[in-house]
Amino acid sequence: MPTFRVTLVIMNQPVITDVVNHTGVLTLDRPKALNSLNHEMVRLIAEALERWRDDASVHQVVIRSSSKHFCAGGDVRAARDGVLSGRTDEVDAFFSDEYALNLVIANYPKPYIALASGVIMGGGLGVSAHGSHLVVTEDAFASMPEMNIGYITDVGMSWKLQHLPKMPSQALGTYLALTGYRLTPDDMLATGLATHKVSTLDGLVERIADEGVGALDAVALEPGHSALTDRLGGIEERFSGSWAEISGRLNDEDKELLAQASPSALVAATQLLRANATLDLAQALDNERALAAVMYREPDFAEGVRAVLVDKTNDARFAPEPSPEKYRDALVHGGSN
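First things first, this report covers the structure right here in the doc. All figures in this text were calculated on a predicted structure; none of them were measured in a lab.

Quick notes on unusual backbone geometry
Argument step 1. For Asn35, which is not glycine, the phi torsion reads 60 degrees and is therefore positive.
Argument step 2. In this structure, Asn35 sits in the loop between β3 (23-28) and α1 (39-53).
Argument step 3. Phi at Val155 is positive, roughly 50 degrees, even though this residue is not glycine.
Argument step 4. Mapping Val155 onto the fold places it in the loop between β8 (141-143) and α5 (157-160).
Argument step 5. Judged by its relative accessible area of 1%, Val155 is buried.

Right under this line is the structure:
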């Protein structure tokens, strides 16, 4: 079958929209920022998905990067600037639209295939892990490192990480969220976060466009050993309950992973994860939206983003550990535990 392409390119836009045969292709093209998602990118992706949803000529959607790294997350530097300059309404709108997009992807009626290499963090997981297929290369890694910037596990991952297809576990989700553990490609396959591992993404869009999603099985590599699976027993023992309970069980490795975390973020995220364990994704995103609005208005967020992403000194001075009540009270769906 000959491959035909329709490309809509508007100069200086950070998402390039193509149609290749019957495949809609979204290419993240903000490489200097590791494709961190800003409001414009969220809108462009949402608009394309809306356009293709009922277009009978588009059978599937692929999202990829124009560069080595897929996506390093949401543009929290811009969010910090917005908060510090008093433009919190703009920050609220960005996160609300981003979370709405995550739900659109999760409920998309056509195959949604993410092709990812390099960094897949934060918002990058939000636009990949909720789709029907996540294809990773051998150099890919995934992480939710929000604790180090005084923030919470968001973009629906406070729900997804504890409902992984092959390893559903509240304790595992809590571990991945609080520690920011970097999942390898084999970890992602073992948990079901990823569906395929491949040696290269080169030519894969065209092959999918010609052959459909079945092309992925033809190029998939066999899974290797997942180091995460070796940790599961201890994770189940240590990462259940409230943050106060978890913190009393941490081993030395856990403490090292948590060394730069905001105490407030650890308390808030644990409350969020416990509430979201028994909810659906839409309700979980509601909780994320409500709690996020509290978190990025607190000093720890601006301080954490400064230390990690602006000055890159990793010397954040966070507030002391707070009581969990204010974060529990911020949630709009309480869950059952």
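Now that the structure is up, let's keep going.
Describing the pattern of salt bridges
Argument step 1. Evaluation of the coordinates by the stated rule reveals 14 salt bridges.
Argument step 2. A salt bridge links Glu90 to Arg87, with the nearest nitrogen and oxygen atoms 2.8 Å apart.
Argument step 3. Measuring nitrogen to oxygen at the nearest pair gives 3.0 Å for the salt bridge that ties Glu303 to Arg306. Here the residue Glu303 and the residue Arg306 both occupy positions in helix α15 (residues 299-310), the gap between them amounting to three residues, near one helical turn.
Argument step 4. Among the ionic contacts, a cluster of salt bridges with common partners joins Glu303, Arg306, Asp311 and Asp315.

Focus: the pairing of strand β7 (residues 133-137)
Argument step 1. With five of five residues buried, β7 is to be regarded as a mostly interior element.
Argument step 2. The alternating pattern of β7 places His133, Val135 and Thr137 on one face and Leu134 and Val136 on the opposite face, and all of these are buried.
Argument step 3. When strand β5 (residues 112-116) meets β7, the two strands line up parallel, connected through four bridges. The partner of Ala116 across the bridge, within β7, is Val136.
Argument step 4. Where β7 lies against strand β9 (residues 196-198), three bridges are found, and the strand directions are parallel.

Things to note about the pairing of strand β4 (residues 60-65)
Argument step 1. Burial within β4 is extensive, with five of its six residues counted as buried.
Argument step 2. Bridge count between β3 and β4: six bridges; the pairing is parallel. Bridge pairing in β4 places Leu28 opposite Ser65.
Argument step 3. Taken together, β3, α1 and β4 form a β-α-β motif whose crossover is right-handed.
Argument step 4. Judged from the three bridges that link them, β4 and β5 form a sheet pairing that is parallel. Its bridge partner being in β5, Ile63 is matched across the sheet by Ala114.

Some words on the side chain of Thr137
Argument step 1. One can find Thr137 in strand β7.
Argument step 2. Taking the relative accessible area as the measure of exposure, Thr137 reaches 6% and is therefore buried.
Argument step 3. Here Asp139 takes part through its side chain, which lies 2.4 Å from a polar atom of the side chain of Thr137.
Argument step 4. Excluding anything up to four places from it in sequence, Thr137 contacts Ala116, Ser117, Gly118, Pro185, Val198, Thr200 and Leu201.

Cut-offs used in this document
Residues numbered from 1 in each chain as written. Predicted model: local features only at pLDDT ≥ 70, side-chain atom pairs only at ≥ 80, totals over all residues. Heavy atoms only, no water. Helix = DSSP H or I, 4+ residues; strand = E, 2+ residues; numbered from the N terminus. Buried < 20%, exposed > 50% of the residue type's maximum accessible area, 1.4 Å probe, protein only. Salt bridge = Lys/Arg side-chain N within 4 Å of Asp/Glu carboxyl O. Pairing = 2+ DSSP bridges. Right-handed = clockwise from strand over helix to strand, strands pointing away. Polar contact = N/O pair within 3.5 Å; in protein donor to acceptor, adjacent residues only side chain to side chain. Contact = heavy atoms within 4.5 Å.

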